[in-house]
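Each chain, letter by letter, is given below.
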Amino acid sequence: MKKEIKNFCQFEIKSLNQENLFNELSKKVKIYDLDRKEKDHSFFKVKLIEMKRVEKELKEKNINIISIKKSGIFNSLITKIMSYGLIVGLLFGFIFFMIQAQFIRKIEVWGNDRISDYDITEVVKKNIYSGYKKNIDTKKIENAVYNKFQSLSFVSISIYGQTLIVNVKEEIIPDEMKGNFDPIIATYDGIITNVELIQGTLCVKEGEIIQAGQTLVKPYILNSNGEEMPVKPLAKIEFDVWINGEAIHNSFKQEIFKTGNTLTQNEIYVGNLKVYEKKLTNNFKDYVVEEANENLTKNNILPFFLKTTTYYELSTKTTQEKFEDVKDEIILKAKENALQKIEEYDIIKEENVTIKQAGNLSFVSYVVTVSKTIGG
Amino acid sequence: MFNFFSEIKKCLKYKSISDSYNLINISGTILYVEGHLGLTLISKEKICFKVKNGRVSVEGENLNLVELADDTLKIFGKIKKTEAV
């Protein structure tokens, strides 16, 4: 007998009173090829699209479903697709990869500094059209980018995989063209010993005494019309710098010391309230005071504390020390003060000592002449 | 719409039975039933079903219920006897 449908599903069930089951089921779906093997064992078919519905119905009625078999052209096709799904998927994936590999996916810009990636990429995109690699005219893109940005000296387009690489080189602007230059300024006081001007306008000459902050070379040159043309000031200027270190000596020294005599006063407080005081008369002419507080209790209910004030008697002793006795020591001290101001690579050309005396005081000035160079 | 069984009943002037069941036995191999009201017995030798005002019993050998719908059914096999009770 020829079947009406090709795609169906065969259920194998076990249950009692199957007549009632099929009567109820047939009201909802059409049943085909009902084969009752035994009283409680049957096979029947339904359309494949009704499978889920029938299965649900049978489960709701607690019918024991032994097996479910699907058949038909559609089912076979689905099974085959599922069986060969991985292969088919890989095949489709490979085909997709091969197709998309023919297109540019990313644009990279190398070598740019002043021009942004975005600006260059936009120009490239306008000349790519579909992105299909075989249709990309790299020469045309190179020309388009080169013509668009005047500051480029070189443009090269290359394609690696799905990346289009735009390799550019920007023109190097010489310092002379950049415009804003600072003059060469003296950083120390000193006297110029040698000047070699390379570029700019010289403001000083050999033998001239300069001060820190003074302009040595101005950042321009004058052309034949007397106009200022900005240039980077370049010069090698050697100058001597005097670095001074001082030390003072007093022939009379006053030394203050504690005599060892002390006077101690005690006061007891509760909070800020003084409750006890032992006061003694202080007869010391010169003294220093030390105060100390000590808690007498360890609670906050009655916060007793003891305030101890100690007076130490001081005395002054005057001693005399001749400058001549310590002259070398003082000069050395002045020299150390001067050398501390010298930088590591400074060349010391000369050292001079000047001593001035006024009453008990002796002023020692140690001058170190150092040669320094600006530029070069 | 033209209906073969309705036309027969109309011609024979048995309008009162027009809403009952119909049975067609094709060469003793296929039995087509219209208007059944539910199965009462299924086996290889006998298939019974209810109809309006009664019950129909189909006897034979190797009987198969090839199609069962809400009000129609088809039986395939060697049909020996069809009896309305």
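Quick notes on the rules
Residues numbered from 1 in each chain as written. Chains lettered and ligands numbered in written order. Predicted model: local features only at pLDDT ≥ 70, side-chain atom pairs only at ≥ 80, totals over all residues. Heavy atoms only, no water. Pairing = 2+ DSSP bridges. Helix = DSSP H or I, 4+ residues; strand = E, 2+ residues; numbered from the N terminus. Axes fitted to C-alpha atoms, helices over the stretch in contact; angles between N-to-C directions. Core = buried A, V, L, I, M, F, W, Y, C linked by side-chain atoms within 4.5 Å. Buried < 20%, exposed > 50% of the residue type's maximum accessible area, 1.4 Å probe, protein only. Contact = heavy atoms within 4.5 Å.

### Comments concerning the sheet that holds strand β7 (residues 163-170) of chain A
Residues and elements named next belong to chain A. In spatial order, the strands read β5-β7-β6; together these 3 strands make up an open sheet with mixed pairing. Of all the strands in the sheet, the pair left with one neighbour each is β5 (106-110) and β6 (152-160). Shown here is a sheet whose adjacent strand axes are inclined to one another by a mean of 15°, direction ignored. In terms of strand pairing, β6 meets β7 through 8 bridges, oriented antiparallel.

### Some thoughts on the nonpolar core
In terms of nonpolar packing, the biggest core is built from 31 residues, with A:F11, A:F22, A:F44, A:L58, B:L39, B:F49 and B:I75 touching the most fellow members. Ranked by residues supplied to this core, first place goes to strand β5 (residues 54-68) of chain B with 5 residues. The residues contacting B:L39, other than those within four sequence positions of it, are A:E19, A:F22, A:N23, B:I47, B:C48, B:F49, B:L65, B:L68 and B:L73.

### Section: the sheet that holds strand β8 (residues 184-185) of chain A
All names here are of chain A. Read across the sheet, 3 strands follow the order β8-β12-β10 without closing on themselves; strand pairing throughout is antiparallel. In this open sheet, the two edge strands, each paired with only one partner strand, are β8 and β10 (201-202). Sheet topology places β10 next to strand β12 (residues 215-218); 2 bridges connect them, and they run antiparallel. Within β12, the residue paired with T201 across the bridge is K218.

### Points about the pairing of strand β17 (residues 273-278) of chain A
Pairing between strand β16 (residues 252-270) of chain A and β17(A): 5 bridges, direction antiparallel. Bridge pairing in β17(A) links A:I268 to A:Y276.

### Notes on unusual backbone geometry
Unlike most non-glycine residues, A:D33 shows phi in positive territory, near 45°. Turning to its location among the elements, A:D33 is positioned in strand β2 (residues 31-38). By relative accessible area, which is 27% here, A:D33 ends up partly exposed. Non-glycine residue B:N62 carries a positive phi angle of around 50°. Note that B:N62 resides in strand β5.

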